[in-house]
Structure formats: C-alpha cells, structure tokens
Amino acid sequence: MLFFLKNVFILQLAFGTMLIWGQTCTKRDSCSCTFDDGKVFDLKSLASNNAAPKFKDFVDPTESVFVYSYNPCNPFIETDSKPGFDYCQNVAICQTVKGTDTNDYYDLGVQDTVTFTFLEDKSMQMVYISSHGSGRLSSLTVKCDWETVFTPQGKLPTGQLYLFELRTPLACIYEPVPKAPLSSSGSELSTGSLIVIGFVCLLVVYLVGGILFMSLYKKESGLEIIPNRRFWFAIPIYIKDGVRFIVHGFKPPPGGYNSI
C-alpha cells in the first residue's frame, strides 16, 4: 500500500496537479463513478465486450518495441496463442514487448483495482494495479475532448508507474464538449464569399425566372427571351467606357463616349 501511495504522489508531482478534495467521485464499478452532486462519469459506451481490447497495440512514445492495449470496464485477454509463453489474462491494460519470434506480455492493471480521482483541471485520474504482485501500476488520465484518442505516455523514470491519456467526450462532465477543429477543406466561408454566392444564386433565379416569363407569358423566342436583353448586351460597352475613363486620368476621352 505504501508503494502505491508513493507512486500516486510521484504522478501528481509529475503533472503538477492537485486533487479537488471538495468534489469526490464514488466508484460504482470498474469504469464509472458518481460525483457528490449526482453527475456520473462513465466509460461503458467505449468498452469492447468480446474479450478483446478497445484500444489495441498503441506504441510507446520512447520505445517502439513496447505496445499497449486498454479496454474500459471489461477484462480482456492478449496472447500469441502459443503454449508455454506468458500472456495477459483478464486485464484492463496490457504491455506487449515485441520479440523476433515471440512476444512477452505484462499485466499493467486489472479492472477491479481501479480508483477514481477528480483533478483540478477537470480530468479524471484512473489508477489500475497489476494482479501479479509485480508492483506495476497504470495511471490513465481521462480528459474532455471532441474525439476519442488513447495515447501511451511511457513509464516514469523511477518505479513501475505507466502513464496513459484518454481524450473523450465522455469526460466532459463539468464543461461543454469542444467543437471539432475545422479542416482546410471544411473551413468557414468569409463574408465576401457568402456575398458572391448569394449574388450568383440571385442572378441564376433572375435569369431562369425571366426566361420562363418571356417565353411562356410573352411568347418571345430567340434572343428576345433574355430579360432586359438590351441592358445585358450594353454591359461590355459600359466596361469599355469605364476603362477609357480611367486610362485618360478620369477625364472624358477624346471624341466622347460610345453611344448606347
């Protein structure tokens, strides 16, 4: 027990967080707890129910031969299916050491040992203890985010404490779920873009409606079905005269303007 408390203390120093003693979360089962005000923290909807981990073989950030698997709520088994070799059985978190011929498996915590601690930054710290008496501990920090992401963070330099982070909307108990960041292809349109789109839409409605009116109601045909045809055909002349006006220093060009 002293070893466990020592490692938890080291973890708190590593993250620079302090416990919120005024807001506790009472354990209900291996993946949920209830706050003093009745709100519930629950990871059940993330859990895999087929004896396999929800998050499988996530690589250690410092050693690529180490990979980790995790499943909330329900224990899982991970093995090479070869007799005579160690494997993870009925665990919450498993470490696999990749070998040339076989892999080694280490229990980093089982479901029924989990404890819940609510931290100052509104994240939940879940600590699991190995069932083999090896002294291995796993601390999973669950944070509020718009998507679900599991990230191994490696082992502390001293002791047998392994750190993990889980970001999920399920942790947004006392804060709103953040909005997903906009991708480059899905960025918001500027005001100018909206104005141009609106103008083009109105122009299309005007032309289609005008053509239908001229052809069906006034029985026009050919170029006469274009609404306000003379105005549209005169636009190039207007543009030409405007350019000439600018070129001549904003003075009427010699010979005056073209007549319309």
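Presented here is an overview of the structure given in this document. Note that this is a predicted model, so its numbers are computed, not measured. (Residues numbered from 1 in each chain as written. Predicted model: local features only at pLDDT ≥ 70, side-chain atom pairs only at ≥ 80, totals over all residues. Heavy atoms only, no water.)

The next thing to look at is the overall build of the protein. Scanning the protein from terminus to terminus reveals three helices and 14 strands. When each of the 260 residues of the protein is scored for burial, the buried share is 33%. Restricting the contact set of the protein to residue pairs at least 6 apart, pairs at least 24 apart contribute 44%. Entry remark: accessible area of the protein is about 15600 Å², with carbon and sulfur atoms responsible for 61%. (Helix = DSSP H or I, 4+ residues; strand = E, 2+ residues; numbered from the N terminus. Buried < 20%, exposed > 50% of the residue type's maximum accessible area, 1.4 Å probe, protein only. Contact = heavy atoms within 4.5 Å. Areas by Shrake-Rupley, 256 points an atom, 1.4 Å probe, with all protein chains shown as cover.)

This part takes up the pattern of salt bridges. The tally for this structure, following the rule as stated, stands at seven salt bridges. One salt bridge connects Asp57 with Lys56, and the closest N-O pair in it is separated by 3.9 Å. Among the residues examined, Asp57 registers a relative accessible area of 30% and is labelled partly exposed. Judged by relative accessible area, which is 46%, Lys56 ranks as partly exposed. Connected through salt bridges with shared partners, the residues Lys143, Asp145, Glu165 and Arg167 form a single ionic network. (Salt bridge = Lys/Arg side-chain N within 4 Å of Asp/Glu carboxyl O.)

Glancing now at the sheet that holds strand β8 (residues 93-97). Strand order across the open sheet formed by four strands is β4-β5-β8-β9, with antiparallel pairing between neighbours. At either end of the open sheet lies a strand with only one pairing partner, and these are β4 (55-59) and β9 (104-107). Each neighbouring strand pair of the sheet contributes to a mean axis angle of 25 degrees, computed without reference to strand direction. Here five bridges tie strand β5 (residues 66-70) to β8, and the two strands are oriented antiparallel to one another. Across the sheet, the residue bridging to Phe66 is Val97, located in β8. (Pairing = 2+ DSSP bridges. Axes fitted to C-alpha atoms, helices over the stretch in contact; angles between N-to-C directions.)

So, about the side chain of Gln95. As for its placement among the helices and strands, Gln95 is situated in strand β8. Using a relative accessible area of 4% as the deciding quantity, one classes Gln95 as buried. One polar contact links Gln95 to Tyr68, side chain to side chain, over a distance of 3.3 Å. Excluding its chain neighbours within four sequence positions, the residues that come into contact with Gln95 are Phe66, Val67, Tyr68, Cys88, Asp104, Tyr105, Tyr106, Leu108 and Tyr162. (Polar contact = N/O pair within 3.5 Å; in protein donor to acceptor, adjacent residues only side chain to side chain.)

Here Gln111 lies in the loop between β9 and β10 (115-118). A polar contact of 2.7 Å, which involves the side chain of Gln111, links it to the backbone oxygen of Asn71. Each residue touching Gln111, except ones within four places of it in the same chain, is listed here: Lys27, Ser30, Asn71, Pro72, Cys73, Asn74, Pro75, Val91, Ala92 and Tyr128.

Under the counting rule described, the total for this entry stands at 13 aromatic pairs. Each ring, one from Tyr68 and one from Phe164, has its centre 5.1 Å from the other, and the planes form 80 degrees; the classification is edge-to-face. Separated by 96 residues along the polypeptide, Tyr68 in strand β5 and Phe164 in strand β14 (residues 161-168) bring together distant segments of the chain. For Phe164, a relative accessible area of 1% puts it in the buried group. Counting every residue linked through ring pairs, the aromatic cluster contains Phe55, Phe58, Tyr68, Tyr70, Tyr128, Phe150, Tyr162 and Phe164. (Phe/Tyr/Trp six-rings, centres within 6.5 Å; stacked < 30°, edge-to-face > 60°.)

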